[in-house]
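Below, each chain spelled out in residue letters.
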Amino acid sequence: MNRGEWQRRAMAALGYWLARRGSRQGNVIDRLACRVLERLLRFDFDLEDRVRHDRGYDPDELERYQRAGSDGRK
Amino acid sequence: MPGSPFLAPAIRLFKRLERKPADPDTSTRKVLCGSCDIACSVVAEVRRGRVTRIRSSDNPLFKDNICIKGVVAPKGFAHPDRILYPMKRVGERGSGQWTRVSWDEAMGEIGERLKRVIAGHGPEAWAVSTSQWNTGTDHGLGRRVMNHVGSPNWISGVALCAGNTAAINRMSYGWYPWPDYDNTRCIVLFGHNPKRDSWVPIHNAIERARARGARLIVLDPRRSEKAELADLWLPLKVGSDAAMCFGWLKVIFDEGLYDRRFVADWTVGFDALRARVDEFPLDRVAQLTGCREEDIARAARMYATQGPSIIPWTPITDQQRNSTSAIRLQTILRAVCGYVDVPGGEALQGFHPSIVPESDIEMHEVLSEAQKAKQLGSDRHPAFTYRGQAALGEPMKRVWGRTYANQVTGCYMANPTATFRAMAGDGPYPVKAFFALGNNTLLSYANMPLILKAMLNQDLIVVQEHMMTPTAQLADFVLPGDAWTERPWLWDAYGWLSVYRPSQQAMEPPGECRSTFEFWKLTAAALDMPEVVPWASLNEFYDWRLAKLGIGFDEFAATYELHAGKREWKKYLTTGFATPSGKVELESSVLRDLGFDPLPYFREDPAPDPDYPLTMFTGVREGEYFQTGGRHIPEMRERKPEPNLFVSAGTAAATQIVDGEWVHVETMLGRVTMQVKVQDSMPDGLVRVPHGWWKPETAQGLVEGLSSALVHADSMLCRDDDDYLDREQGIPHLKGAPCRIVKLTADAP
């Protein structure tokens, strides 16, 4: 195994370990792994504004919509 | 693992998602979005018993894996026309006349009628088409019930989308790999275009990889969003993926850029392959693909020398006349360059060590060999049927521990076209009962006229759905299905990954909507075999699957965002590959023994037809919709109100059409009506046709046109005669069929 492959393996193994621990709500190590991931994975993805700023629906609005249909397409 | 981090990412400005302040009336649940087939980990906010908001996950592994389809899902599930109760047809088939019945009444009659079909024609007279990404909780239970009954005739859209890719990949190296985006140095996209409203986790993974310096090669006739970002864009001729791969291999072999040690130690058939590749000098590849020789060579060198590289799955290569050869060539590129089962390459994950996979639930071993041999299409197009995969049984057992390893549910399927022909009365035996679960069959495969004829020739059609789709309009029974916010769920990409992610139930299903798990449990009982689905509830079923972990589903879902086994690389060093030879089969013994060319090849287009001077590619998903779904959601229809075909300005001028005009697109098979969009990104002569259009707001019923499906759905155009089928799989050529555009004399429909 050459040096480059060894490095890739080591990094992949560490990343995999962090992902497994960081995706679990268990002990303090899990929470620490999650914090490390938070730092490592910071990224400004180009979410749509409609998605980024979505506030969801009002339950009454959904209720009314379900009962009567309010979109004018019916 | 999806989401496992590369450890030196570019640190950029971090924009946190805006969140509502803590609201005592709002609770949250971890859910997997089922708005498409990628299953993003997201959060459902629940108020007064309703899911009111879908937002990005709080876990950094999944942050920002969300798109507009997930955001509007609560509205979609609250649609006033959603099917909430079992419905039984009372008029002629397709008349749109229904009466409400109870689940007990429906399942009782379904059981009796299905038993009559089986008694009269044999168990193979029952066919099922399922979309697992929609039903969610099918989990192989449909196959399990069918296997016990004795029917091999299960079909799915995965026949031309990922499932077939899995089956073909296994012929080369015995498993279908997942690309390691997090550690790769070069990403190759064959026409696939993940973006911020489609396959967002893959889009995000690519963006993160690019930010740390990974190269991106895009092969796409259209200057797509991803092509704009690529280090190298090759505008190849539509449908020429296999020829392009031959060109890359020619460069890689001639220049000695392959992994000689891996090839010597772990492959068979190299000399024969090399001789075949020599039939494709770059000038020939340039002529076949329409790309410049120097660009083809540059891309090949980048792939081979900048690695480890990945060629992620693409639905584009899945749907071509040379699909089997093209998929095989991609496996060969991975192998000869040494990118199989290495970090940054393509990981062969195998099964999770502790969770019962769907392959076990399906119980293929109980279906007799005699019934397996009746699987429709396995005679002429066996690649993904039982017959086509049989030679891999022993190697699968040796390497992965199971004789039947069903990846992406695509490895033991009947052929869809052969199934529809049998349903229409033109097969080796009759098929007279058809179930469509979360699957808008009429619009989801090629040759809608054949599918329509097939459905009109059935004694029993059962559909489980959310909306009265064109397919449901032809059913005898339409049963209400639950949605992904309304049930628990356990997901492993349908056997593709060894990573499991849980989804918590966030609200109660409305009306009498039930899960597909419940549907199959009731079906087993109606067929007098309740012991086949013995679990009392979905939760109990999941508890059983997770028993080896020592925890139940509720605790599992509360504790884990994902659960994965130990990651090992180059497992083949100890186990060999799961192929008959134990090595990567560049020359496939499986294909040879099935009577096909064991080497990849390239079958050129039929002679041009002057009556159809343009070329179309169909099966195109739009960001607002997933497959044939979503047209009922007002927010989505406002963004994408009509079916738009794309043409270049040159093509528009040559055909005397203008942007916004309504036209007919015609092939030798049929005609649809679409609105023209002139796009700079399109090459001349090519027509891009969107997939799966119907209009839920328009009149239902066969006479009325099945909610405009007969007017707009691309499956009306897609041929499935021999010239337009891949030989080994029998899947249709959707990328590069001849067509013409005809001006409408009247206004828009």
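Because the structure is a prediction, the values reported are computed rather than measured. (Residues numbered from 1 in each chain as written. Chains lettered and ligands numbered in written order. Predicted model: local features only at pLDDT ≥ 70, side-chain atom pairs only at ≥ 80, totals over all residues. Heavy atoms only, no water.)

### Focus on the overall build of chain B
At step 1: Looking only at helices and strands, one finds 30 helices and 27 strands in chain B.
At step 2: A compact globule built from 749 residues would reach a C-alpha radius of gyration of about 27 Å, and chain B, at 25 Å, matches this within 12%.
At step 3: With the C-alpha coordinates of chain B rotated into their principal frame, the extents come out at 70 × 70 × 60 Å.
At step 4: For chain B, the accessible surface area stands at approximately 23,300 Å², while carbon and sulfur atoms represent 49% of it.
At step 5: In chain B, 86 side chains carry a positive charge and 91 a negative one; their mean positions are 3 Å apart. (Helix = DSSP H or I, 4+ residues; strand = E, 2+ residues; numbered from the N terminus. Rg over C-alpha atoms; globule rule 2.2 N^0.38 Å. Areas by Shrake-Rupley, 256 points an atom, 1.4 Å probe, with all protein chains shown as cover. Lys, Arg positive; Asp, Glu negative; His and termini not counted. Charge placed at Lys NZ, Arg CZ, Asp CG, Glu CD.)

### A short note on the overall build of chain A
At step 1: Across its full length, chain A carries four helices and zero strands.
At step 2: Listing the helices and strands of chain A from first to last along the sequence gives α-α-α-α.
At step 3: For chain A, the C-alpha radius of gyration of 22 Å lies well beyond 11 Å, the compact-globule estimate for 74 residues.
At step 4: If one aligns the C-alpha atoms of chain A with their principal axes, the spans along those axes are about 65 × 30 × 20 Å.
At step 5: Split into buried and exposed, the 74 residues of chain A put 36% on the buried side. (Buried < 20%, exposed > 50% of the residue type's maximum accessible area, 1.4 Å probe, protein only.)

### Some points on the domain arrangement of chain B
In many analyses, interface size is given as the accessible surface area lost on bringing the parts together.
Residues and elements named next belong to chain B.
At step 1: Structurally, chain B comprises domain 1 (178-347) and domain 2 (614-743).
At step 2: Its C-alpha centre places domain 1 at a distance of 28 Å from the equivalent point of domain 2.
At step 3: Of the residues lining the interface, 16 residues belong to domain 1; the matching set on domain 2 comes to 26 residues.
At step 4: Each partner contributes to the roughly 1,700 Å² buried at the junction of domain 1 and domain 2, and carbon and sulfur atoms together form 50% of this total.
At step 5: Of all residues in domain 1, R222, Q319 and R321 give up the largest surface area on contact with domain 2, accounting jointly for 41% of the area buried on that side.
At step 6: The interface formed by domain 1 and domain 2 contains zero salt bridges.
At step 7: At the surface where domain 1 touches domain 2, the tally comes to ten residue pairs in polar contact (both at pLDDT 80 or more).
At step 8: Looking at the side of domain 1 that touches domain 2, the elements with two or more residues in it are α14 (315-318) and α15 (323-336).
At step 9: Broken down by class, the residue content of the side of domain 1 that touches domain 2 amounts to five nonpolar, six polar and five charged. (Domains from an automatic or database assignment. Contact = heavy atoms within 4.5 Å. Buried area = accessible area lost by both parts, 1.4 Å probe. Salt bridge = Lys/Arg side-chain N within 4 Å of Asp/Glu carboxyl O. Polar contact = N/O pair within 3.5 Å; in protein donor to acceptor, adjacent residues only side chain to side chain. Nonpolar A, V, L, I, M, F, W, Y, C, P; charged D, E, K, R; others polar.)

### Structural notes on the packing of helix α9 (residues 241-254) of chain B against helix α11 (residues 270-277) of chain B
Residues and elements named next belong to chain B.
At step 1: Contact pair α9 / α11: the axes reach a minimum separation of 9 Å and the direction vectors enclose 115°. For the pair α9 and α11, the crossing hand works out as left-handed. Judged by residue contacts, F246, L249, K250, F253 and D254 of α9 engage F270, L273, R274, R276 and V277 from α11.
At step 2: Among the residues making up the contact of α9 with α11, the classes are represented as six nonpolar, no polar and four charged. (Axes fitted to C-alpha atoms, helices over the stretch in contact; angles between N-to-C directions. Left-handed = near helix turned anticlockwise from the far one by under 90°.)

### Looking at the pairing of strand β26 (residues 686-690) of chain B
All names here are of chain B.
At step 1: Buried residues dominate β26, accounting for five of its five residues.
At step 2: Along β26, one buried face is formed by L686, R688 and P690 and the opposite face, lined by V687 and V689, is buried too.
At step 3: With four bridges joining them, strand β22 (residues 614-620) and β26 adopt parallel strand pairing. What sits directly across from T615, in β26, is L686. (Pairing = 2+ DSSP bridges.)

### Describing unusual backbone geometry
Residues and elements named next belong to chain B.
At step 1: Between G307 and P308 the backbone carries a cis peptide bond, its omega angle lying at 10°.
At step 2: With respect to the helices and strands, the residue P308 is situated in the loop between α13 (293-305) and β13 (309-310).
At step 3: The backbone phi angle of M363 is positive, close to 55°, even though this residue is not glycine.
At step 4: We note that N447 has phi near 65°; this positive angle belongs to a residue other than glycine.
At step 5: Within the secondary structure, N447 is located in the loop between α21 (441-444) and α22 (448-456).

### Digging into the interface of chain B and chain A
At step 1: If you look at the interface, chain B gives 70 residues, while chain A gives 48 residues.
At step 2: Across the chain B to chain A interface the summed buried area is about 6,000 Å²; carbon plus sulfur atoms make up 57%.
At step 3: Where chain B meets chain A, there are four salt bridges.
At step 4: Here the residues of the side of chain B that touches chain A are counted per class, giving 32 nonpolar, ten polar and 28 charged.

### Regarding the sheet that holds strand β2 (residues 41-47) of chain B
All names here are of chain B.
At step 1: A sheet is described by the order of its strands in space; here three strands give the open sequence β1-β2-β3, paired in antiparallel fashion. For this open sheet the edge positions go to β1 (26-32) and β3 (50-56), each flanked by a neighbour on one side alone. Direction aside, the axes of adjacent strands within the sheet are offset by 30° on average.
At step 2: Relative to β2, β1 runs antiparallel, the two being bridged by seven bridges. Pairing of S27 across the sheet is with V46, part of β2.

### A word on the packing of aromatic side chains
At step 1: Here the structure, examined in full by the defined rule, presents 38 aromatic pairs over all chains.
At step 2: Pairing F541 of chain B with Y542 of chain B gives two aromatic rings, centres 5.8 Å apart and planes at 35°, and the pair type is tilted. Taken as a pair, F541 of chain B and Y542 of chain B share a single burial class, namely buried.
At step 3: Among the aromatic residues, ring-to-ring pairing joins F517, W535, F541, Y542, W544 and F553 of chain B into one connected group.
At step 4: Here the basic side chain of K75 of chain B rests over the ring of Y65 of chain A, its NZ or CZ set 4.8 Å away from the ring centre.
At step 5: The ring centre of F280 of chain B lies 4.3 Å from the NZ or CZ of R284 of chain B, which sits over that ring. (Phe/Tyr/Trp six-rings, centres within 6.5 Å; stacked < 30°, edge-to-face > 60°. Lys NZ or Arg CZ within 6 Å of the ring centre and 35° of its normal.)

### Focus on the sheet that holds strand β10 (residues 215-219) of chain B
Residue and element names in this part refer to chain B.
At step 1: The strand order β11-β10-β9-β13 describes an open sheet built from four strands, whose pairing is parallel. The strands lining the two open edges of the sheet, one partner per strand, are β11 (232-234) and β13.
At step 2: Where strand β9 (residues 186-190) meets β13, two bridges bridge the pair, whose relative direction is parallel. Looking across to β13, one finds that I187 is bridged to I310.
At step 3: In the packing of α13 onto the sheet, contacts are made with β9, β10, β11 and β13, and the angle to β11 comes to roughly 130°.

### A word on the pairing of strand β16 (residues 460-465) of chain B
Residue and element names in this part refer to chain B.
At step 1: Counting buried residues along β16, six of its six residues qualify, which places the element largely inside the surrounding structure.
At step 2: Taken together, the five bridges between strand β15 (residues 433-437) and β16 define a ladder with parallel strand orientation. Paired with L437 across the two strands is Q464, which belongs to β16.
At step 3: Taken together, the four bridges between β16 and strand β17 (residues 477-480) define a ladder with parallel strand orientation. Bridging from a neighbouring strand, Q464 pairs with L479 of β17.

### Observations concerning the pattern of salt bridges
At step 1: Under the counting rule described, the total for this entry stands at 60 salt bridges over all chains.
At step 2: Residue R24 of chain A pairs with D30 of chain A through a salt bridge whose shortest N-O separation is 3.0 Å.
At step 3: Taking the relative accessible area as the measure of exposure, R24 of chain A reaches 26% and is therefore partly exposed.
At step 4: A salt bridge links D476 of chain B to R89 of chain B; its shortest N-O distance comes to 2.6 Å. Highlighted residues: D476 of chain B in the loop between β16 and β17 and R89 of chain B in strand β4 (residues 87-89), separated in sequence by 387 residues.
At step 5: Three or more residues joined by partner-sharing salt bridges are found here, namely K88, R89, R93, E109, R113 and D476 of chain B.

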